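As a plain string of letters, each chain reads:
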Amino acid sequence: MIHQMNIRGKFGFKLRRFPGAALLAVIKCRHGQLHFSHWSRNGGSAQRYRRLLVVRPLPHQAIESRGAAMFVGKILKNILKIRYLLLGGAVGGGYTFHQKVQEWMDAIPDTKWIKDYIPDNERFDSFRAKMITFKDKLGDFEIDPRLKQFSESRLDKVKDWFDRKLDEAVVAANEQEQKAIQIDTKLGTLSAASIPSEMSGGGRYSKEQYRQAEDKINELKKQLTDMQLKYEFELMKLEKENKQLRQNLLLKRALGDTPKKEAQRSLIDMYSEVLDELSGYDANYQAQDHLPRVVVVGDQSAGKTSVLEMIAMARIFPRGAGEMMTRAPVKVTLSEGPYHIAQFRDSDREYDLTKESDLQELRNQVEQRMMRSVIRTGKTVSNDVISMTVKGPGLQRMVLVDLPGIISTVTRDMASDTGDAIKKMTQLYMANPNAIILCIQDGSVDAERSNVTDLVSQVDPQGKRTIFVLTKVDLAEENLAKPERVKKILAGELFPMKALGYFAVVTGRGRKDDSIQSIQEYEEDFFRKSKLFQNLSITSQVTTRNLSRAVADRFWKMVKETVEQQADSFKATRFNLETEWKNNFPRLRELDRDELFEKARSEILDEIVNLSEVSVKQWEELLINKIWEKVSSYVFEHIYLSSAQANDMKMFNTKVDIKLRQWANEKLPKDSVDAGWQVLKEEFTKFTQRGMNDKNHDNIFDELKKSVLEDAVKKHVWEDKANNVLRVMQLNILEDRCIRDKHQWKNAVTFLENSVKDELKAVNERLHEMVGPGTREKWLYWKYSTEDQNKKSAVKSELEKILYSNRNHNKYLSDDELTTIRNNLQLNDTNVDNQLILTVWEQVYRRNFLNLSLARAYDCRKSFYLYHEGLESEVECSDVVLFWRIEQMLKITANALRQQVMNREAQRLDKEIKEVLEEYSRDPEKKRALLQGRRVELAEELKHVKRIQEKLEEFIQALNKEKKEY
């Protein structure tokens, strides 16, 4: 190659360059001659040598003849110089930009994982081939004719429309792919180009040249960004169209011609069931649970709930103006389905998320469940998990847990430990080594005000499972003094925390009535027009749609990596628990609390049925004894003793009639009903306790049965009409004074004797307690009397002297008698007051009266003939007639109560016990309090672990099956 070059001045020469020889030439002028030096490389070794070229001046005429040509050459030289300057500026600027980009890439955290979300050529070709295959298959696809909303013509239009759109999407994707390849080739060529020797003279380029080069590079970057945005837009359109088609396909599957079978659960539903089992097994979210889920954390009002709603495509959570709304963990399982619906785990009600009325009911239900859990715990926040499922076309499959927001200040309406409780709850959920932390940061406030970033960096310092989300970036662009800081946050340069990825989203415009669709359109329009984000090279870092896809991909990647390890862990736990059960309870089945409760329920209801085993005679005997036990003291005190103070028999009978009628009208019916209820309760208790004496008795149900009986008794009220019926019956029977035969007379005397003996025994016991041990007890059992007992014993001796002198003394002591007793006791240095004397006199007189009554009863045994002949004045047997009347009343009342018990009250008690058992069955805390012990706890734990392991294995099988299909 021959190069011609002119030298400014008088000299001109031709320089021949030998190919492959000279690398660098330097020309110097010395003493009118030009010296040429160069270096060459031969055989791989560099050797320098100098060759002297002597260039003599040309003749003057030749020089003048060349003047015009030299002028033209100068113009051409300047024009050609511009070409080299432009080319050199582009090359130098490109190289400088390449070095700067390399420095930036070295400073940015490792983001290789993002490549997984951008399809490469191979993946795109595979996707295109599958779509074309899918289109071919769709040609033979027939939608269920029962879909009435689609007519035959409509179906043809849908097929044609889908074929056309699919072809357009494939063509557009091919064009964008080719453009991207061309631009990448250009950028690679610029960055790898060698520097020509002509432009390497060591000179410096002007700022204008650098600016032009940077503009060129920026233009190329803008083209690349626009291409990415167009690609994302085309992909989004394709996804929307595919979403509609999938909805139709899912709808056809739901209304298919095949026989109805059990609905096949999706992978995410199966995985959610595993997490629900874990929440019951491990309520405090401890180390046993290392299964992945997406934990949404952030400061209060940072936009956590809004991000979750954008991912779920529905406004499902209650909202407030700056106040705390999330008061308990909310687990949301997102899955795909033909209809956009939501459902709570413990309810069959489905909420249509396309209807505003259902959305409002759903939000109210979430708020009510939160408040109930808070009230139950007595705190501002609760650890009870609210579990719900959201299904809809195109939703990403994942499990998210929304936690209460981190707060800096506790207000007056909060518990004092609210801040610490929220932090502890957040740390517990984030401590799971397989949990994906979705860290939400408010972009509209200063970054230094963030509390959550420090908390996240403490749990995940390397950022291996943290995804950072910056919300409200539209407000940040408007309000922040330095909005460029947002770029630093997304580049991971502002916060000390590290993360897998950084995203910027817009989740609303501050209006509660905005729909999710309008918010999405506003978000896409903002990022398309934003000056702050227009130069952002990675478009996949913006919009909630990209965030949702990235989080779902990371979630499933984590699930696939860890689920088998967790299944093995629970298998080992199950083995240990089963070994402990076999060693401690070898002959018992593993019954958890619910199963034990159902067993106890059956036993209790069987015991109620056993009440029918009690015969009529037994019921009546029990009722008579219980009624007399309840009313005997009243009969003796207010009827018998009071009436006995009359001077003659007629007055006695008159007083008895009056007091009996008064008793029957006021107190007797109620006491009778109470006695009947006591008999019913005692008999039922007897049946419940009958098995306790068995050597094989299982005492695990004792507290439960006792509690059920107590609560049923509190609820049971005897029918009101029973009192009125008994009142009429008792008044009629008590008015009858005629004893008809000797057998009745004998029974009445026997009843009187037994009753008096029982009362006399009780009086003697009270007297013994009052006066202390006698001489025999003191000598044989070494018992001693107190000073008060000695005084009462002395008073008793004086009172017995009075009764000895007058056996028929009335109930009251005269003042003279009281004075005489005190004086007699003072002689023995015993000082007492009148109250003490009257207290002892009450029991002494009662004993004397009962002894006289018992003596008269003995005399009346053979006096029926005199009574029957009307010779009542010759014998004092009026008290026999009184007790006969009471005995008849007891028999009639017992018969009526027995019929009431057997026909009505036992059934009502059975119903009330069933109601109590039903209330207990819905109250886990009640069952936990009444069914305790290591046996119960171990069975509960073992049942939970078995269910978790079975569900995990079922999920793993379905997951492996899906891998094979794809």
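As the structure is a prediction and not an experimental result, all values here were calculated from the model. Position numbers for residues count from 1 along each chain, tracking the sequence in the order it is written. Note on the predicted model: pLDDT of at least 70 is required for a residue's local features to be given, and 80 or more for side-chain atom pairs to be given and counted; whole-chain, interface and lining totals, by contrast, use all residues. The side-chain numbers reported here are obtained from all heavy atoms of the structure, hydrogens and water having been left aside.

Some details on the overall build of the chain
Part 1 of the argument: Within the chain one finds 29 helices and 14 strands.
Part 2 of the argument: Each residue is placed in one exposure class: buried if its accessible area under a 1.4 Å probe, protein chains only, is under 20% of its type's maximum, exposed if it is over 50%, and partly exposed if it falls in between. Within the span of the chain, comprising 966 residues, buried residues form 41% of the whole.
Part 3 of the argument: Looking at the chain alone, contacts between residues at least 24 apart form 77% of all its contacts between residues at least 6 apart. By definition, any uninterrupted DSSP run of H or I lasting at least four residues is a helix, any uninterrupted run of E lasting at least two residues is a strand, and each is numbered from the N terminus. Should any heavy atoms of two residues lie within 4.5 Å, those residues are considered in contact.

Some points on the pairing of strand 14 (residues 501-504)
Part 1 of the argument: A two-sided burial pattern is seen for strand 14, the buried positions comprising Gly501 and Phe503 on one face and Tyr502 and Ala504 on the other.
Part 2 of the argument: Two strands pair if DSSP finds at least two bridges between them. Bridge count for strand 13 (residues 466-471) against strand 14 is 4 bridges, and the pairing is parallel. Each bridged residue has a counterpart across the sheet, and for Phe468 the counterpart in strand 14 is Tyr502.

Observations concerning the side chain of Lys304
Part 1 of the argument: Among the secondary structure elements, Lys304 is positioned in helix 7 (residues 304-312).
Part 2 of the argument: Look at Lys304 and you get buried, because its relative accessible area is 6%.
Part 3 of the argument: A polar contact of 2.8 Å, which involves the side chain of Lys304, links it to the backbone oxygen of Leu403.
Part 4 of the argument: When residues no more than four places from it in sequence are discounted, the contact partners of Lys304 are Val296, Val297, Gly298, Asp299, Asp402, Leu403, Pro404, Gly405 and Ile440. Polar contact is defined as a pair of N or O atoms within 3.5 Å, subject to the rule that within protein one atom must be able to donate a hydrogen and the other to accept it, and that residues adjacent in sequence are counted only when both atoms are side-chain atoms.

Some points on the environment of Val708
Part 1 of the argument: The topology assignment puts Val708 in helix 19 (residues 702-715).
Part 2 of the argument: Residue classification places Val708 among the buried positions, given a relative accessible area of 1%.
Part 3 of the argument: Sequence-wise, Val708 and Glu912 are 204 residues apart; in three dimensions their C-alpha atoms are separated by 9.6 Å.
Part 4 of the argument: Setting aside residues no more than four positions away along its own chain, Val708 makes contact with Ile604, Ile913, Val916, Leu917 and Tyr920.

A closer look at the nonpolar core
Here is a general trend for soluble globular proteins: nonpolar side chains tend to be buried in one another's company.
Part 1 of the argument: We call a set of buried residues a nonpolar core when its members are Ala, Val, Leu, Ile, Met, Phe, Trp, Tyr or Cys and they connect through side-chain atoms within 4.5 Å of each other. Counting residues in each nonpolar core, the largest one holds 99 residues, and the members touching the most others are Trp628, Trp745, Leu799, Leu882 and Ile913.
Part 2 of the argument: For this core, the element with the most residues is helix 27 (residues 878-921), which contributes 17 residues.
Part 3 of the argument: When near neighbours in sequence (up to four residues on either side) are disregarded, Leu799 contacts Leu813, Ile821, Ile837, Val840, Trp841 and Val844.
Part 4 of the argument: Counting 67 residues, the second largest nonpolar core, distinct from the first, contains Leu275, Trp556, Val563 and Ile948.

So, unusual backbone geometry
Part 1 of the argument: Even without being a glycine, Lys472 presents a positive backbone phi close to 55°.
Part 2 of the argument: The class for Lys472 is partly exposed, based on a relative accessible area of 23%.
Part 3 of the argument: One non-glycine residue, Trp782, adopts positive backbone phi at about 55°.
Part 4 of the argument: Classification of Trp782 by relative accessible area gives exposed; the value is 65%.

Quick word on the state of the cysteines
Should the sulfur atoms of two cysteines be covalently bonded, the bond is a disulfide.
Part 1 of the argument: Cysteine sulfurs are considered disulfide-paired once they come within 2.5 Å of each other. Taken as a whole, this structure holds 1 disulfide when the rule is applied.
Part 2 of the argument: Disulfide pairing places Cys860 opposite Cys877 at an S-S distance of 2.0 Å. The chirality of the disulfide connecting Cys860 with Cys877 is left-handed, given an S-S dihedral of about -105°. One end of the pair, Cys860, is in the loop between helix 25 (834-859) and helix 26 (864-868); the other, Cys877, is in the loop between helix 26 and helix 27, with 17 residues separating them in the sequence.
Part 3 of the argument: Among the residues examined, Cys860 registers a relative accessible area of 2% and is labelled buried.

Quick word on the pattern of salt bridges
Part 1 of the argument: The rule for a salt bridge is simple: a side-chain nitrogen of Lys or Arg has to be within 4 Å of a carboxyl oxygen of Asp or Glu. Under the definition given, this model contains 45 salt bridges.
Part 2 of the argument: A salt bridge links Lys304 to Asp402, with the nearest nitrogen and oxygen atoms 3.3 Å apart. Here the residue Lys304 occupies a position in helix 7, and Asp402 occupies one in strand 11 (residues 398-402), the gap between them amounting to 98 residues. As far as the burial class goes, Lys304 and Asp402 line up, both buried.
Part 3 of the argument: Across the pair Arg934 and Glu580 runs a salt bridge whose closest N-O atoms are separated by 3.0 Å. In this pair, Arg934 sits in helix 29 (residues 934-965) while Glu580 sits in helix 14 (residues 544-584), placing the two residues 354 residues apart along the sequence.

Considering the pairing of strand 6 (residues 294-298)
Part 1 of the argument: With respect to burial, strand 6 is a largely interior element, 5 of its 5 residues being buried.
Part 2 of the argument: What you see with strand 6 is no split at all: Val294, Val296 and Gly298 on one side and Val295 and Val297 on the other are buried throughout.
Part 3 of the argument: Bridging between strand 6 and strand 12 (residues 436-442) involves 5 bridges; their strand directions are parallel. In the strand pairing of strand 12, Val295 is matched with Ile437.

Overview of the packing of aromatic side chains
Part 1 of the argument: Here the aromatic set is Phe, Tyr and Trp, taking the six-membered ring for Trp, and pairing holds for ring centres within 6.5 Å; pairs whose planes are under 30 degrees apart are stacked, those over 60 apart are edge-to-face, and all others are tilted. Using the criterion set out here, one finds 18 aromatic pairs in the structure.
Part 2 of the argument: Where Tyr640 meets Phe883, the ring centres are 5.4 Å apart and the plane angle is 80°; that geometry is what we call edge-to-face. Within this pair, whereas Tyr640 is found in helix 16 (residues 616-643), its partner Phe883 is found in helix 27, the two being separated by 243 residues in sequence. In this structure, Tyr640 and Phe883 share a single accessibility class: buried.
Part 3 of the argument: With centroids separated by 5.6 Å and ring planes inclined at 35°, the aromatic side chains of Trp841 and Tyr845 adopt a geometry described as tilted.

Section: a nonpolar patch on the surface
Part 1 of the argument: Each patch is assembled from residues with relative accessible area greater than 30% and no salt bridge, linking like charges that lie within 9 Å and nonpolar side chains (Val, Leu, Ile, Met, Phe, Trp, Tyr) that lie within 5 Å. Using the Shrake-Rupley algorithm and a 1.4 Å probe, accessible areas are obtained, with residue cover drawn only from the displayed protein chains. A surface patch of nonpolar side chains, about 430 Å² in accessible area, is lined by Trp779, Leu780 and Tyr781.
Part 2 of the argument: Structurally, Tyr781 is set in helix 22 (residues 775-781).
Part 3 of the argument: Tyr781 gets classed as partly exposed once you look at its relative accessible area, which sits at 48%.

A short note on the side chain of Asp879
Part 1 of the argument: Its location among the elements puts Asp879 in helix 27.
Part 2 of the argument: If we skip the residues at most four places from it in the chain, Asp879 touches Tyr640, Phe652, Leu752, Ser853 and Arg856.

Remarks on the sheet that holds strand 14
Part 1 of the argument: Pairing is mixed in the open sheet, where 9 strands are placed in the order 9-8-10-7-11-6-12-13-14. Edge strands, defined here as strands with exactly one partner in the open sheet, are strand 9 (350-352) and strand 14. Averaged over all neighbouring strand pairs, the angle between strand axes comes to 25°, with direction disregarded.
Part 2 of the argument: Against the sheet, helix 8 (residues 356-377) engages strand 7 (330-335), strand 8 (341-344), strand 9 and strand 10 (386-391), with an angle of about 135° to strand 9. Axes, fitted as lines to C-alpha atoms, cover a helix only where it is in contact. Angles between the N-to-C directions of the axes lie from 0 to 180 degrees.

Points about the environment of Asn834
Part 1 of the argument: Position of Asn834 relative to the elements: it lies in helix 25.
Part 2 of the argument: For Asn834, a relative accessible area of 32% translates into the label partly exposed.
Part 3 of the argument: Not counting residues up to four positions away in its chain, the partners in contact with Asn834 are Leu818 and Arg822.

Looking at helix 24 (residues 815-827)
Part 1 of the argument: Between its terminal C-alpha atoms helix 24 stretches 19 Å, which fits the 18 Å expected from 13 residues at 1.5 Å a residue.
Part 2 of the argument: Packing partners of the buried residues in helix 24 comprise helix 23 (787-805) and helix 25.
Part 3 of the argument: Two residues or fewer after helix 24 comes Asp829, characterised by a positive phi angle close to 60°. One less than the residue count of a helix, multiplied by 1.5 Å, gives the span that helix is expected to have.

Quick look at helix 9 (residues 418-430)
Part 1 of the argument: Helix length check: helix 9, at 13 residues, gives a terminal C-alpha distance of 18 Å against a target of 18 Å (1.5 Å per residue), a fit within 8%.
Part 2 of the argument: Those residues of helix 9 lying buried are Thr418, Gly419, Ile422, Met425, Thr426, Tyr429 and Met430. Looking down the long axis of helix 9, one finds its buried residues gathered within 135° of arc, a one-sided arrangement. Of the exposed residues in helix 9, those oriented more than 90 degrees away from the buried face are Asp420 and Lys424.
Part 3 of the argument: Contacts from the buried residues of helix 9 go to strand 6, strand 11, strand 12 and helix 10 (452-459). Arc definition: directions from the helix axis to the C-beta atoms.

Looking at the packing of helix 23 against helix 24
Any two packed helices are characterised by the angle at which their axes cross and by the distance between the axes.
Part 1 of the argument: The N-to-C vectors of helix 23 and helix 24 enclose an angle of 130°; their axes lie 10 Å apart at closest approach. The angle between the axes of helix 23 and helix 24 places the two elements in the oblique class. For the pair helix 23 and helix 24, the sense of crossing is right-handed. In this structure, helix 23 contributes Ala794, Val795, Glu798, Leu799 and Ile802 to the contact, and helix 24 contributes Glu817, Ile821, Asn824 and Leu825.
Part 2 of the argument: Grouping the amino acids of the contact of helix 23 with helix 24 by side-chain chemistry returns 6 nonpolar, 1 polar and 2 charged. Comment on the angle field: the value is read as roughly parallel under 35 degrees, roughly antiparallel over 145, roughly perpendicular from 65 to 115, and oblique elsewhere. Note: crossing handedness is left-handed where the near helix turns anticlockwise from the far helix by less than a right angle, and right-handed where it turns clockwise. Under the convention adopted here, Pro, Cys and the residues Ala, Val, Leu, Ile, Met, Phe, Trp and Tyr are nonpolar, Asp, Glu, Lys and Arg are charged, and Gly plus all remaining residues are polar.

Observations concerning the packing of helix 15 (residues 593-609) against helix 27
Part 1 of the argument: Running from N to C, helix 15 and helix 27 point in directions that differ by 175°, and their axes come no closer than 11 Å. As judged from the angle between their axes, helix 15 and helix 27 are roughly antiparallel. In this structure, helix 15 uses Phe597, Arg601, Ile604, Leu605 and Ile608 to contact helix 27, whose residues at the interface are Asp910, Ile913, Lys914, Leu917, Glu918, Tyr920 and Ser921.
Part 2 of the argument: Here the contact of helix 15 with helix 27 is composed, by residue class, of 7 nonpolar, 1 polar and 4 charged.

Side note on the environment of Ala415
Part 1 of the argument: Tracing the backbone through its elements, the reader meets Ala415 in the loop between strand 11 and helix 9.
Part 2 of the argument: Along the sequence, Ala415 and Gly378 sit 37 residues apart, while their C-alpha atoms lie 8.7 Å from each other.

So, the confidence of the model for the chain
Part 1 of the argument: Mean pLDDT over the chain works out to 75, with 68% of the residues at or above the 70 mark.
Part 2 of the argument: Confidence of the predictor at the level of single residues is given by pLDDT, which spans 0 to 100. Across residues 253-264 the pLDDT falls below 50, and counting only partners more than four positions away or on other chains, this stretch makes 7 contacts in the model.
Part 3 of the argument: Counting contacts from residues 283-288, a segment whose pLDDT is below 50, to residues more than four positions away or on other chains yields 10 contacts.

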